[in-house]
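Structural overview
Take a look at the letters that make up each chain.
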Amino acid sequence: MAVTMFMPNMSAPLVGPSGDASAHTWLPIDGVTNLDRNDPSVAPVDAFLGKLRANFRPVVCCYEGSNLQASRPLPGGKLEFANSKWTLTVGVDRVVGAADARDMTLAATLQEGEAPSSGIAAAFDFKDWSTGNYVLIPASIYNGNRNRIVNRGYAEGLDPQDYYRKDLPLTHGSVPCLALEKGSPSKLEVNASNASTPAVCIFDKRAKRGFILLAEQAGRNGAGDFLRKSNGEILDSAFSVEESTDRTRATVAVSAPGVREQKPEFIGFSKSPDRGIPLKAGSVFTLKLRVYNFPAADIPAVLEKFMTVRKALTGPNHPRLLLPASESLNWMVDRIEQRFLVTPDVSFYRCENGPWIAFGWISGWMNTFPMLALGDQAHLNRVTQTFDYGLKAQEPSGWFHYAIDDKGDVAFREPKKDMNLTRTHGDVLFWMIKQFQVLKAQGRGKAIKPEWETAMRKLAEAAVTTWKKNGQWGKMVNVKTGDVSEYNTSGGVMLISGLALASTYFHEPEYLEIAKEAATFYYTRDFVKRGQTTGGCADILQNADSETAFGFCTALMALYDVTGDRAWLLKSRQLANLAATWTVSYDYELPKFTALGALGTRLAGAVWASTQNKHSAPGYCTGSGDPLLKIYRATGDARYADLLRDILRAHDEAFYGGGGTERLTYCDADSRGANYHGSNGWTECNGAMMALEIPGIYVRTDIDRAYVFDAVKAKVLSRSADGVELQITNPTKFDANVAIFAENRVQAKQPQRSVAFLDWPKRKVKPGETVVIRVGAGSQSRVASLGSSSRS
């Protein structure tokens, strides 16, 4: 439907008076910005929102600098501060196949007069609000960021009095957030450059309903193009959530152009550069939205819905086929090889640019995984040197120091004296056991030294002991005593993965029992109740972060792999939904004057770091994403294959464009559009892991299901009792050696072996070449036969 309303015909420009009651607030003001709820332009939306006890309010805004000077509803009422004539149409349409959704288009036209700094907004006013409601803006706001705020510098850590404090509330630095204390102002504002998806998601705890508001990157002009500055840069839309001082009401607003009163920075805020747009008579601008209102039992139900609809308005992204996985592996191996340090006394693989091993997290004792997978003696020798030297950093407690340098110093990089992240230990235990499994699968099990196994058993025992004593692993542990030193985050979830694998490797059932107990604890406390995971990074405080989301997804999948219990598979899938909120869902358009914008870089699939470190990166820190593959093969749900494919392609974009650091980002708080030609250990490591652990093509031999993960094109030509005929074309300028993972229903029902990639056959395809291969059927082998012929 569309409704047109006319405002009074006045001659002066749209300029709000100083001290207007609606200044600086999105909340409705009685007698100023409220509406007649029977107005036909809002009544259909109100009816749709009814079970949420929310109302829709379209408003026109005027700004003074970056401050909202005044707003008035359109339609309804007189604009006492506006001597101009406006029309507004509000289009509301049902969405085919989605009874719980409405498409909305707000179109404002300035008929007469001028508006020197203006905008339009769609406000959704919640009348029965509670601070118990969950608020999410993907990659920026988790549970409203309603946590204890402290003034700490980058990588400074907590105040000393907060360590060893069992009642420590979630604590982080200054970020956009809703207020923790009642009675104080409570408003957050971000724009599309601050989010992985332009969206606001809410779980109404009392109503048991979910609300998802989707927008585009920006509003549009009358010609249908995005609103832009004179230099061509898009004027991103903004998203605001504001609560009344008594916290019984709240407003969610999306505005075009987005004008934030403060600009979020890497830490803290700065003066906002945002401004309204100048309009003259005849100017038109529009705002397109999609709104969902649906029953939801809990936060995971809202995240499940978001996983389904996150691309519904922006549309499918268009990944480029730039770099075959085999070529990416070559590039990553070359870079990792350059990190091998040789001195007169010691030699080892570094993971950073300095002369040290930093365990876990940023790839210490993890970048050795792809080197072992190569299967040759030279790399095994180098990995052996790396493991042997790193053992010196383990304390008698079983825990490891953060790092060890080439002089044997283990204290120089510690976050705090004798403390290390629990997360790094989870990474080490998990990936070391996997590397033992690789060596055994390659027939090189004798290369595994007893002291390596002893070290990993000691680490597993340390994790068990700390859990029994403290009932959690916290973010950091005292490596000498084993006591949790920083409590109440999700940082240790990767220890679940390590204990699960260690339970089978060392035949220790207790490791598995502790892993299950910990998984249930963190799943309930952090995911179900809070809708976030925290504590995975040494350089931030306790912000929500992507690394623990992906890490917990991996941990729960490890439990499924070990036990075969599909309850863990379901939970892993739910954590993948959370991980998806950190992953860019569309091809955000950067201005052409930025390096990435000039390259036409496609940013869908880049993974944001945390609510503090406001940037996205090529891949997540640190893993291949194979839990997403495992979810897809076990369920057939292509959403997870799509998510994985996007992450793979974003990694290609970063390295193909000459970059490769942990910045692949469009956020205006950090390195917007920059293309740094540097070197970063963990993005190289995860690139190698992706190239190894993700098949080029996954195909079911018994049903019509296939998915292409590699940078090639493929299609099924025929299916028969004998197998599947596939056509593969390599559109890139590099040779491709495409791994094929084929299986049937019986095999897909079984958990995937952690080193299954070693068995996948490969087919070489030259640049521009098209080949045809036959993938054999059968339940006894993953690929019964593999033949090929060339086609030009």
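Read on for an overview of the structure. (Residues numbered from 1 in each chain as written. Predicted model: local features only at pLDDT ≥ 70, side-chain atom pairs only at ≥ 80, totals over all residues. Heavy atoms only, no water.)

**So, the environment of Ile-357**
The following threshold applies: Numbering goes from the N terminus for both helices and strands, where a helix is a DSSP run of H or I of at least four residues and a strand is a run of E of at least two. Should any heavy atoms of two residues lie within 4.5 Å, those residues are counted as being in contact.
Residue placement: Ile-357 occurs in strand 23 (residues 356-358). Taking C-alpha positions, Ile-357 is 9.7 Å from Val-410, a pair spaced 53 residues apart along the chain. Look past the residues within four positions of Ile-357 in its chain and what remains in contact with it is Phe-348, Tyr-349, Gly-364, Trp-365, Thr-386, Tyr-389, Gly-390, Tyr-402, Ala-403 and Ile-404.

**Some points on empty space enclosed by the protein**
The line we're drawing: Here a cavity denotes a set of grid points, spaced 1 Å apart and computed over the protein atoms alone, in which a 1.4 Å probe fits but from which it cannot get out, and a pocket denotes an open set meeting protein on both sides within 12 Å along at least five of seven lines; residues with an atom within 4 Å of a point are reported as lining. Grid points are joined across faces, edges and corners, and a volume is the space filled by probe spheres set on the points. Think of it as three bins: nonpolar holds Ala, Val, Leu, Ile, Met, Phe, Trp, Tyr, Cys and Pro, charged holds Asp, Glu, Lys and Arg, and polar takes everything else, Gly as well.
For the coordinates displayed, the defined rule picks out five cavities of 30 Å³ or more. Looking at the largest cavity, its volume works out to about 160 Å³. Along its surface, the largest cavity is lined by 21 residues, and Met-494, Gly-551, Thr-554, Tyr-620 and Thr-622 are the ones closest to its centre. Looking at the lining of the largest cavity, its residues break down into seven nonpolar, eight polar and six charged.

**Digging into the nonpolar core**
For soluble globular proteins, nonpolar side chains are generally found buried alongside one another. As a reminder, the rule being used: As used here, the term nonpolar core means buried Ala, Val, Leu, Ile, Met, Phe, Trp, Tyr and Cys residues forming a set that is joined through side-chain atoms within 4.5 Å. Each residue is placed in one exposure class: buried if its accessible area under a 1.4 Å probe, protein chains only, is under 20% of its type's maximum, exposed if it is over 50%, and partly exposed if it falls in between.
If you look at the biggest cluster of nonpolar residues, it comprises 205 residues, and the most contacted ones within it are Phe-124, Met-456 and Ile-496. Looking at this core, the element that brings in the most residues is helix 10 (residues 546-563), giving ten residues. Look past the residues within four positions of Ile-496 in its chain and what remains in contact with it is Trp-473, Ala-515, Ala-518, Ala-519, Tyr-522, Phe-552, Ala-555 and Leu-559. Membership of the second largest hydrophobic core comes to 20 residues, among which are Ile-362, Leu-421, Met-476 and Ile-540.

**Here's the deal with the layout of surface pockets**
Approximately 730 Å³ is the volume attributed to the largest pocket. What lines the largest pocket is a set of 45 residues, among which Tyr-154, Trp-361, Ile-362, Tyr-402 and Asp-539 lie closest to the centre. At the level of secondary structure, the elements contributing two or more residues to the lining of the largest pocket comprise helix 10, strand 28 (607-608) and helix 15 (681-693). By volume, the second largest pocket is sized at about 380 Å³.

**Things to note about the sheet that holds strand 26 (residues 476-478)**
Definition in use: Two strands pair if DSSP finds at least two bridges between them. Here the axes come from fitting lines to C-alpha atoms, over the contacting stretch only for helices, and the angles between their N-to-C directions go from 0 to 180 degrees.
Taken together, three strands build an open sheet; the order of strands is 25-26-27 and the sheet is antiparallel. Whereas interior strands pair on both sides, the edge strands pair on one side only; in this sheet they are strand 25 (419-421) and strand 27 (484-486). Neighbour-to-neighbour, the strand axes of the sheet open up by a mean angle of 40 degrees, direction not taken into account. Across three bridges, strand 25 lies against strand 26 in antiparallel orientation. Paired with Leu-421 across the strands is Met-476, a residue of strand 26. In the packing of helix 6 (residues 422-441) onto the sheet, contacts are made with strand 25 and strand 26, and the angle to strand 25 comes to roughly 60 degrees.

**A look at the packing of aromatic side chains**
How two aromatic rings sit relative to each other is given by the distance of their centres and the angle of their planes. We count it as follows: Pairing of aromatic side chains here covers Phe, Tyr and the six-membered ring of Trp, requires ring centres within 6.5 Å, and sorts the geometry by plane angle: under 30 degrees stacked, over 60 edge-to-face, intermediate tilted. Both a distance and an angle decide whether a charge sits over a ring: NZ of Lys or CZ of Arg must be within 6 Å of the ring centre and within 35 degrees of the ring normal.
On inspection of all chains with the given rule, the structure shows 37 aromatic pairs. Between Phe-126 and Phe-211, the ring centres sit 5.3 Å apart and the planes meet at 85 degrees, which makes this aromatic pair edge-to-face. Placement of Phe-126 in strand 6 (residues 114-126) and of Phe-211 in strand 13 (residues 209-215) is noted, with a sequence separation of 85 residues between them. Side by side, Phe-126 and Phe-211 carry an identical accessibility label, which is buried. With 4.8 Å between their ring centres and 55 degrees between their planes, Trp-467 and Trp-473 make a pair best called tilted. Considered together, Trp-467 and Trp-473 belong to a single accessibility category, that of buried residues. The rings of Tyr-632, Tyr-698, Tyr-707, Phe-709, Phe-741 and Trp-760 are connected pair by pair, giving a single aromatic cluster. If you follow Lys-571 out to its NZ or CZ, it ends over the ring of Tyr-523, 4.9 Å from the centre.

**Digging into the pairing of strand 36 (residues 770-776)**
Among the seven residues of strand 36, six are classified as buried, and the element is accordingly described as predominantly covered. Sheet topology note: the strand 33 (residues 723-729)/strand 36 ladder contains seven bridges and is antiparallel. Bridge assignment links Glu-725 to a residue of strand 36, and that residue is Arg-774.

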